[in-house]
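If you want the building blocks of each chain, they are given just below.
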Amino acid sequence: MKLLRPSFLLLGIFVLGGIIFKLTSPNDCDFILNNDSIFVLTGDFRRVPFAMKQIEEFPDADLYIIGAGPGAPYIDNERAIIESESKSTYQNALAIKNIVEKSGLDRIVLITTEDHIQRATFLVKSELPETQIVSCPVALHEMRAARRLERWLVEYAKFLVTMVGIKEGPESSYK
């Protein structure tokens, strides 16, 4: 019985941390300026259409689609600058860093899904500590509750691993 107590304590801490992770995740776009540079991370089919709606509202904003993969047939916007080399969230952060440093940007908007926004923001911020990052999460409300819970658990576990210094690992795709 004594062996179970630390296990229950660790499980309780993990569950409490997961609840805090979910509750502290932004669920609305922060304030976007008309001349911002918008970076959308691919990996979920909701992200690019959401970014396209944002770019319609902000006609002077630059749009960067990060991690699109070769060809990216689903991107039909002449304003979009497409990066297709990065394959993971950490590689996305490095690609964003490269673009930001070359362009001299001091503020960016980051679009990804609500379950992914905290880890993505953390990784980009670790590479660009002086850059202001505006979070713009894509909601997952239309998704079945069980699938949303699964995604949140996976992202929470990845966030914990990232927090201890492991920035890259096998990435799964949420297609």
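Residues numbered from 1 in each chain as written. Predicted model: local features only at pLDDT ≥ 70, side-chain atom pairs only at ≥ 80, totals over all residues. Heavy atoms only, no water.

So, about the state of the cysteines. Here the structure, examined in full by the defined rule, presents one disulfide. Linked covalently through their sulfurs, Cys29 and Cys136 form a disulfide whose S-S length is 1.6 Å. Every disulfide takes its handedness from the sign of the S-S torsion; for Cys29 and Cys136 that torsion is 40°, giving right-handed. Of this pair, Cys29 sits in the loop between helix H1 (4-24) and strand S1 (37-41) while Cys136 sits in strand S5 (residues 132-138), and the two are 107 residues apart along the sequence. (Disulfide = S-S within 2.5 Å. Helix = DSSP H or I, 4+ residues; strand = E, 2+ residues; numbered from the N terminus.)

Together, Phe8, Leu11, Phe14, Val15, Ile19, Leu23, Leu149, Leu153 and Leu160 line one region of the surface with nonpolar side chains, adding up to about 870 Å² of accessible area. Those elements giving two or more residues to the nonpolar patch turn out to be H1 and helix H5 (145-163). In terms of residue count, the dominant contributor to the nonpolar patch is H1 (six residues). Tracing the backbone through its elements, the reader meets Leu23 in helix H1. (Patch = residues over 30% accessible without salt bridge, like charges linked within 9 Å, V, L, I, M, F, W, Y side chains within 5 Å. Areas by Shrake-Rupley, 256 points an atom, 1.4 Å probe, with all protein chains shown as cover. Salt bridge = Lys/Arg side-chain N within 4 Å of Asp/Glu carboxyl O.)

This next bit is on the packing of aromatic side chains. In the structure shown here, the tally under the stated rule is six aromatic pairs. When the centroid spacing of 4.5 Å and the interplanar angle of 10° are considered together, the rings of Phe39 and Tyr64 count as stacked. A residue pair is termed long-range when its members are at least 10 positions apart, and Phe39 in strand S1 and Tyr64 in strand S2 (residues 62-66) qualify at 25 residues. The class of Phe39 is buried, set by a relative accessible area of 0%. Given the relative accessible area of 8%, Tyr64 is considered buried. Here a set of aromatic residues connected by ring pairs shows up, and it is made of Phe14, Phe21, Phe122, Trp152, Tyr156 and Phe159. (Phe/Tyr/Trp six-rings, centres within 6.5 Å; stacked < 30°, edge-to-face > 60°. Buried < 20%, exposed > 50% of the residue type's maximum accessible area, 1.4 Å probe, protein only.)

The subject of this paragraph is the packing of helix H3 (residues 89-103) against helix H4 (residues 117-127). In the contact formed by H3 and H4, the axes pass within 9 Å of each other and the chain directions differ by 45°. One finds that H3 runs oblique with respect to H4. In this structure, H3 meets H4 at a crossing whose hand is right-handed. Contacts between H3 and H4 involve Thr89, Tyr90, Ala93, Leu94, Ile96 and Lys97 from the former and Arg119, Ala120, Leu123, Val124 and Glu127 from the latter. Across the contact of H3 with H4, the residue classes break down as seven nonpolar, one polar and three charged. (Axes fitted to C-alpha atoms, helices over the stretch in contact; angles between N-to-C directions. Parallel < 35°, antiparallel > 145°, perpendicular 65-115°, else oblique. Left-handed = near helix turned anticlockwise from the far one by under 90°. Contact = heavy atoms within 4.5 Å. Nonpolar A, V, L, I, M, F, W, Y, C, P; charged D, E, K, R; others polar.)

Next up on the list: the packing of H4 against H5. Where H4 meets H5, the closest approach of the two axes is 9 Å, and the angle between their N-to-C directions is 20°. When the axes of H4 and H5 are compared, the pair comes out roughly parallel. Like other packed secondary-structure pairs, H4 and H5 cross with a definite hand, here left-handed. Where H4 abuts H5, its residues Gln118, Arg119, Phe122 and Leu123 lie against Glu155, Lys158, Phe159, Thr162 and Met163.

Moving on, we get to the nonpolar core. In this structure, Ile38, Leu63, Ile65, Val109 and Ile111 are the most contacted members of the largest nonpolar core, which totals 18 residues. Among the elements of the structure, S1, helix H2 (47-57), S2, strand S4 (107-113) and S5 are those that each provide at least two residues to this core. With four residues, the single largest contributor to this core is H2. Beyond its immediate chain neighbours, meaning those up to four positions away, Ile38 contacts Gln54, Ile55, Ala61, Asp62, Leu63, Tyr64, Val109 and Ile111. If you look at the next biggest cluster of nonpolar residues, it comprises 17 residues, including Phe39, Ile96, Ala120 and Leu123. (Core = buried A, V, L, I, M, F, W, Y, C linked by side-chain atoms within 4.5 Å.)

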